[in-house]
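Each chain, letter by letter, is given below.
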Amino acid sequence: MWLWWVLVAPGGTAEHSGKGNHRTTLSFMPETRPSVPRAGHRPTVTALLLAALLVLAGCTNPSDDGDDTATAVTTEAAPIVADPAPTYDEERIRELIATVPDGDDWEAIAAHIIEINEMASLGPGIQLEAELSPTVDPDKAAETIDAYSKAMGMWTFFDVVEVPIVWSIMSEVDYEWWYQRVQDIETPRPALDVWNPETNLLGHCYPEANSYCGYGNPTESGFMFQYLLIGSKYEGAPNRNTVHHEAAHYYQAAIPGHLEADRILPCWFIEGQASFIGNSIAATYNAADPMSRFQRTLPGDANWSVEDWEALLADLTYDDEAKSECRKTEINYTLGAAIFEYLYGNYSMLDIHELYLEAIATKDWDAATTAALGLTAEELNTELALYVVGLWQEG
């Protein structure tokens, strides 16, 4: 399974250590690690939602060509600011991650996540290290590492104390360095075909002087090999969406047993959580089109019934072929983000953390939802179906 992304990050300072002019290792050090409290959740309101759906007007698919994987929205609205002058307050952060947002509208849910992140990012974060190529700009590399260290601050409140990644940062002229690096660290099965020097294609990006992109290669050992290319002329600003999206994946990967998650969880869970967190913190949407907060058009259409969505959601949980198609068409990002909007609007962040832990521990999604959320998987799918139908009706 490959993970592709475009990354950017804010500035910081770093400790540099190297062996001659061959390579450099950058790291950022944490100081303290908070602990985790218990959570609460918002009761489900199936009956109220069903009544509300009877009076909502229909809408049409916003995609011009009818393709469910429409081009991602890139317009960035002004961020929703939860606190103009946040301070690092561990007690307040613990309180927030254990409570449901004050409002159940999407803006209140996003503001809740933003408030938690803004305070947590002022704390020590998590130590991250990267091996640098001979030509990459060490200051740009330091900006990236610092951004990820701060983004991980929120996840320290969920018992994440280290990130299981091996990170390599390089420039567009470092093909030979990358090739040797992959051979050295990815034994016994190095993935040497990701960077094609003939087509000059690295995963989904072209290594050029203004490029800023990379990929991740998860492994059976539990570590993820991460590769980032920072072009020699790259001067871009941080991409908060990408940083916080990937930080959510680092949190997921830090949980013992996480390799089982892909087989146990619905296909929308892993990318949906990361997409919702990134979208919310970055506020990347078109202000004239609130539905653009999901970045692409949701699957289905306004004519789908609750029963249609329930059937799809069941398939995306238990049918391997449907789960594979879900990932191939990337509805795990869009539908997943919408589902996590519901989850984080009706349950605390700590509840959803417990859901993830229960799924991994029990290897049973129905047992996990019952234990963590008080709903069977079927009952949860009904709530999710109602929510998505409501989104289409509002669209």
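Use the structure listed above.
Computed from a predicted model, the values in this text were never measured in an experiment.

Rules behind the numbers
Counting restarts for each chain: residues are numbered from 1 in the order of the written sequence. Local features in this predicted model are restricted to residues of pLDDT 70 or higher, and side-chain atom pairs are both shown and tallied only at a pLDDT of 80 or more, whereas totals for entire chains, interfaces and linings draw on every residue. To get the side-chain values, all heavy atoms of the structure are used, and hydrogens and water are removed first. Throughout, exposure labels follow a simple rule: accessible area from a 1.4 Å probe, protein chains only, divided by the maximum for the residue type, with under 20% read as buried, over 50% as exposed, and the rest as partly exposed. Going along the chain from the N terminus, every DSSP run of H or I of four or more residues is numbered as a helix, and every run of E of two or more is numbered as a strand. Two strands make a pair as long as DSSP finds a minimum of two bridges between them. Whether a crossover is right-handed depends on one test, that the path from the first strand over the helix to the second runs clockwise when the strands point away from the viewer. Pairs of cysteine sulfur atoms within 2.5 Å are identified as disulfides in what follows. Note on method: axes are straight lines fitted to C-alpha atoms, helices fitted across the in-contact stretch only, with angles between N-to-C directions ranging 0 to 180 degrees. To sort the angles, those under 35 degrees are grouped as roughly parallel, those over 145 as roughly antiparallel, those from 65 to 115 as roughly perpendicular, and the leftovers as oblique. Any two residues having at least one pair of non-hydrogen atoms within 4.5 Å are treated as being in contact. Following the grouping adopted for this structure description, the nonpolar residues are Ala, Val, Leu, Ile, Met, Phe, Trp, Tyr, Cys and Pro, the charged ones are Asp, Glu, Lys and Arg, and the polar ones are all others, Gly among them.

### Brief notes about the pairing of strand E5 (residues 165–170)
Next up, step 1: In terms of residue burial, E5 counts as a mostly covered element, since five of its six residues are buried.
Next up, step 2: Direction of pairing for strand E4 (residues 128–132) relative to E5: parallel, over a ladder of three bridges. When the bridges of E5 are listed, Leu132 appears paired with Ile169.
Next up, step 3: Each parallel crossover has a hand, and for E4 linked through helix H4 (residues 138–151) to E5 it is left-handed.

### Digging into the state of the cysteines
Next up, step 1: Evaluation of the coordinates by the stated rule reveals two disulfides.
Next up, step 2: Paired by a disulfide, Cys205 and Cys213 hold their sulfur atoms 2.0 Å apart. One quick way to see it: the torsion about the S-S bond of Cys205 and Cys213 is about 50°, and its sign makes the bridge right-handed. With respect to class, Cys205 is no different from Cys213; both count as buried.
Next up, step 3: The connectivity of the disulfides in the protein is 1-2, 3-4, where the numbers refer to bonded cysteines in sequence order.

### Looking at the packing of helix H3 (residues 106–120) against helix H11 (residues 331–346)
Next up, step 1: It is the contact of H3 with H11, at a shortest axis distance of 10 Å, that shows an interaxial angle of 75°. Of the possible angle classes, the one that applies to H3 and H11 is roughly perpendicular. Note on element contacts: H11 touches H3 through Glu341, Tyr344 and Gly345, opposite Trp106, Ile109 and Ile113.
Next up, step 2: Residues belonging to the contact of H3 with H11 are distributed by class as follows: four nonpolar, one polar and one charged.

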